[in-house]
Each structure stands twice: as C-alpha cells, then as structure tokens.
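Letter by letter, the chains look like this.
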Amino acid sequence: MTSSSGNMAVRIVDLEAQNGPLQEELLEALGRVIRSQSFILGPEVERLETNIASLSETGFAIGVSSGTDALLVSMMALGVGPGDEVVTTPYSFFSTTGSISRLGARPVFVDIDPRTYNIDPNKIEAAMTTRTKAIIPVHLYGQCADMDPILDIARARRVPIIEDAAQAIGAEYKDQRRAGSMGDMGCLSFYPTKNLGAFGDAGMVLTNDAELDERIRMLRVHGAGRRYHHHELGGNFRLDSLQAAVLDVKLKYLGGWTRKRRENAKRYNSLLEKSGLCEEHGIEVPRASYERQNVVDYHIYNQYVIRAPRRDALREYLASKGIGTQVYYPVPLHLQECFRDLGHEVGDFPSAEGASHETLALPVHPELTANQQQTVVKVMGEFYAGQKLQK
Ligand SMILES: *Cc1c(COP(=O)(O)O)cnc(C)c1O
C-alpha cells in the first residue's frame, strides 16, 4: 500500500504480518481444540499456564478471561471492597483504576516519574493510610516500575502488591526479576495488541503463593470448589481453550519478537539522536533505567513512546503521510469523567498530565523494517523543519 506522497504506509500494529506466517500452525491448534470439543479451561489452558509460569518465573499462573478480569479477580482474592483504598498510578490504561472502583474501593493516585512514566515510588508513602488494602504499580509500555522501593514500602506496611504487567510479559527489572513475579500477584493481558496477543480477550494471574492460586482458581468459576458448591461470590473469569491454544503457538515466537522490538527501539534511539530532532526540537526518547540505579532494565517495548513538542500536529502530519501513531493516554485517569466523584482537578498530578499532552507512540512492532523506521524519522524531520520555517 502506498500513500499519495509515495511513502510506504507504516502501521502502528501489524497483526497480519505477525499471524500470517503462523497460519498453518494456528489452524492446526484450532483444529485440535475443535475435535476435542473441550472449549473452556481444560488441558489447553493448563499447558499455557505451565508455560507462562515458567516464562515469568512464578510458581503459579491462572488463565482468566482478560487482563481486566485478572486485576479484578486479584483484588477479589485480597478481599478488596467498600471502604478500602488502593494506591495506583493515574497514567495507565483505564482498567487498572476501573477495576478498583468496580469493587467499591477508592483509587488513590500517586503521580508518575516523568522520565519513565511509571509510578513515582518517592510519593507512595504519603498516599498510604490505614485503609490502604493494596498497591498496584503498572509496568507501563513494557518497562517494569521501580519495584525495589515499592516492595520496601509494601513490606514495611504489610500491604500486598498487585503488578499490572499487562504490557510487560517477559520484561525484567534489575537482577533479572520478571514482570509479574515480584509482587503478591501479577496480571497479564493477551489482548491482540499486547506483545503476546490472542484472537480475542484473554489474561492471566501470576503468583508464587499457593493459597492465592487456589483462591483465584475458585473465584474464576463462581467461587465453587466442587461444581455447584459455592464457597464465596466469584464470577465467570474463565479462559477459553481456543484462545489458550492460539497463545501457546504464539508463545514460542515471543522471545524472537521481543528481541526485534528491542532492536527497533535501539534503532529509533540512534536515528532520532542522529537526526538532531532531540537536540534541536526537544524530542525525548524513552528511558530504560531509573536514575538511582546504574542498571538498564529489560524493557520489552510494548510501546515505543517519545515525548514530542506539538504532539497533536506531529501526529496529524505523520498520519497524512501514511504513518500510524497512537497517544497512550490522552486523558489521565484522575480527570476521567467517570471518576469525577473522586474530586480531582487539573493540576493534581502534573507529571501524568504533562505526559498526556506530550507522549506519542511510534510503530515498534517486530515486523517493522529498518526502512520504515527511517521513513518515520525522516517525516518527523520534515514536520519540525516546516514548523521552524513558519515561525
Ligand atoms: C491492556 C491493559 C489492561 C487490560 O487488559 P484487557 O485484556 O484489555 O482487559 C490492563 N492494564 C494495562 C496497563 C493494559 O495495558
């Protein structure tokens, strides 16, 4: 596909390029499930749970219906409910906070580190009260939150941590600890655009705690231990066998795809630096390390997110040249209409608000070519050169 300017179209995600080459293997797995007539949970889900637990280095993994339900059922397992508070970031996908509110608890926001976009550990303590029932750090864009100080605070206060690792499967924090394995529970999403994507909705809860594992397995099937004997109120949070079969095929390729994403990120970093866009126009490339530590984390780049002056105009210009980008996220959670009753206003979390005005995700998917990346950076250069002339 070519746009009128002659540039190749560059998509923000390219599922056709990802799934196309795997079609035979995928159809074979789907056929196996169809012939088995076992469509809910079962051996396909168990195999995927074992393989994801091994990848994430956790004792247990429980397949659930989505990343959102992974968050919801994790909080249910902790007994989060009305009167409780859950500390989290205002700069994430909606469901991190939505799940807290759905259980009747109050989300308590802590601003982000403006360089990594993850929750700022230095501000967590001040947000905690005797009602704090859990902390939910999000590993945004595929980079782990700065977990050590968060773990210290949580341990000192005996408050559990649920990691929202929906964007971070296989990411590593210093000492190679895996995303989702550091807190009491970790939540994964297999939404089609995540690094490991299903053919629909799917998710997983990770834990090292046998009791939580058992509890979540029960909550996943309406709180029933034995069929039709309900110990507590759960829900239908089950993972389909078809999705599990698809995911298990794709899982074999995840390591290679992650390496490609990381290579693409590295290439963007150097192309952007060389182009002068950083120095002359204030473009900021993503950071894969925290200031306090001299360790570069294993960022899996679910998104490659830059900070860009005149972001919206840049995005429009790129779109006019056939280049897809996305804004994650244009409205921080504390300013969402549905959370009005929390009483927040503009200015409450300036770093999250700043990010919402300036961040832009460039295409970084594994199928992206070096040529396409050069095109993206070249077109960005055209945009800023034009802007300069207009002044
Ligand atoms: C995708 C995502 C979720 C929700 O996952 P779904 O599978 O879409 O329900 C939760 N948190 C974050 C940070 C996400 O990116």
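Residues numbered from 1 in each chain as written. Predicted model: local features only at pLDDT ≥ 70, side-chain atom pairs only at ≥ 80, totals over all residues. Heavy atoms only, no water.

### Observations concerning the sheet that holds strand E4 (residues 132-136)
- Strand order in this open sheet of three strands is E3-E2-E4, and the pairing throughout is parallel. The open sheet is flanked by strand E3 (106-109) and E4, the only strands paired with a single partner. Averaged over all neighbouring strand pairs, the angle between strand axes comes to 30 degrees, with direction disregarded.
- Inspection of the sheet shows strand E2 (residues 85-88) paired to E3 by four bridges, in the parallel sense. Residue pairing for E3: Glu-85 is matched across the bridge by Arg-106. (Pairing = 2+ DSSP bridges. Helix = DSSP H or I, 4+ residues; strand = E, 2+ residues; numbered from the N terminus. Axes fitted to C-alpha atoms, helices over the stretch in contact; angles between N-to-C directions.)

### Focus on the site of the ligand
- Around the ligand, a shell composed of 15 residues is seen, among which Gly-67, Thr-68, Asp-164, Ser-189 and Lys-194 lie nearest.
- The side chain of Ser-189 places a nitrogen or oxygen atom 2.6 Å from an oxygen atom of the ligand.
- Between an oxygen atom of the ligand and a side-chain N or O atom of Lys-194, the distance comes to 3.0 Å.
- Summarising the interface, the protein chains cover 93% of the accessible area of the ligand, which totals 380 Å² for the free molecule.
- Contributing elements (two or more residues each) for the shell around the ligand: helix H4 (67-77) and helix H5 (94-102).
- Examining the composition of the shell around the ligand, we find that three residues originate from one element, H4, more than from any other.
- Tallied by class, residues from the shell around the ligand come to five nonpolar, eight polar and two charged. (Near = heavy atom within 4 Å. Polar contact = N/O pair within 3.5 Å; in protein donor to acceptor, adjacent residues only side chain to side chain. Areas by Shrake-Rupley, 256 points an atom, 1.4 Å probe, with all protein chains shown as cover. Nonpolar A, V, L, I, M, F, W, Y, C, P; charged D, E, K, R; others polar.)

### Let's talk about the environment of His-344
- Within the fold, His-344 resides in the loop between helix H10 (311-320) and helix H11 (350-358).
- On a C-alpha basis, the gap between His-344 and Phe-109 in space is 9.9 Å, while along the polypeptide they are 235 residues apart.
- With sequence-adjacent residues up to four places away left out, His-344 is seen in contact with Phe-109, His-334 and Phe-349.
- Here Asp-348 takes part through its side chain, which lies 2.9 Å from a polar atom of the side chain of His-344. (Contact = heavy atoms within 4.5 Å.)

### A few points about the sheet that holds strand E5 (residues 162-164)
- On the basis of which strands lie adjacent, the open sheet formed by four strands has the order E1-E9-E8-E5 and mixed pairing. Bordering the open sheet on either side are strand E1 (60-64) and E5, each of which pairs with just one other strand. Strand-to-strand, the axes of this sheet are offset by a mean angle of 20 degrees, without reference to chain direction.
- Where E1 meets strand E9 (residues 203-207), five bridges bridge the pair, whose relative direction is antiparallel. Bridging across to E9, Ala-61 finds its partner in Leu-206.
- Against the sheet, H4 touches E1, E5, strand E8 (185-189) and E9, its axis set at about 160 degrees to E8.

### Some points on the confidence of the model for the protein chain
- Model confidence for the protein chain is summarised by a mean pLDDT of 95, while 96% of its residues fall at 70 or above.
- Here residues 1-7 scores under 50 on pLDDT; set against residues more than four positions off or in separate chains, the count is ten contacts. (pLDDT = per-residue confidence, 0-100.)

### Regarding the packing of aromatic side chains
- Under the counting rule described, the total for this entry stands at eleven aromatic pairs.
- Look at Phe-109 and Phe-349: their rings are 6.0 Å apart centre to centre, the planes differ by 75 degrees, and that puts the pair in the edge-to-face class. Taken as a pair, Phe-109 in strand E3 and Phe-349 in the loop between H10 and H11 lie far apart in primary sequence, 240 residues in all. Like Phe-109, the residue Phe-349 is buried in the burial classification.
- In textbook terms, an aromatic cluster arises when at least three aromatic residues are bridged by ring pairs, as seen for Tyr-91, Tyr-117, Tyr-141, Tyr-328 and Tyr-329.
- One Lys or Arg, Arg-262, reaches over the ring of Tyr-298 and ends 3.9 Å from the middle of that ring. (Phe/Tyr/Trp six-rings, centres within 6.5 Å; stacked < 30°, edge-to-face > 60°. Buried < 20%, exposed > 50% of the residue type's maximum accessible area, 1.4 Å probe, protein only. Lys NZ or Arg CZ within 6 Å of the ring centre and 35° of its normal.)

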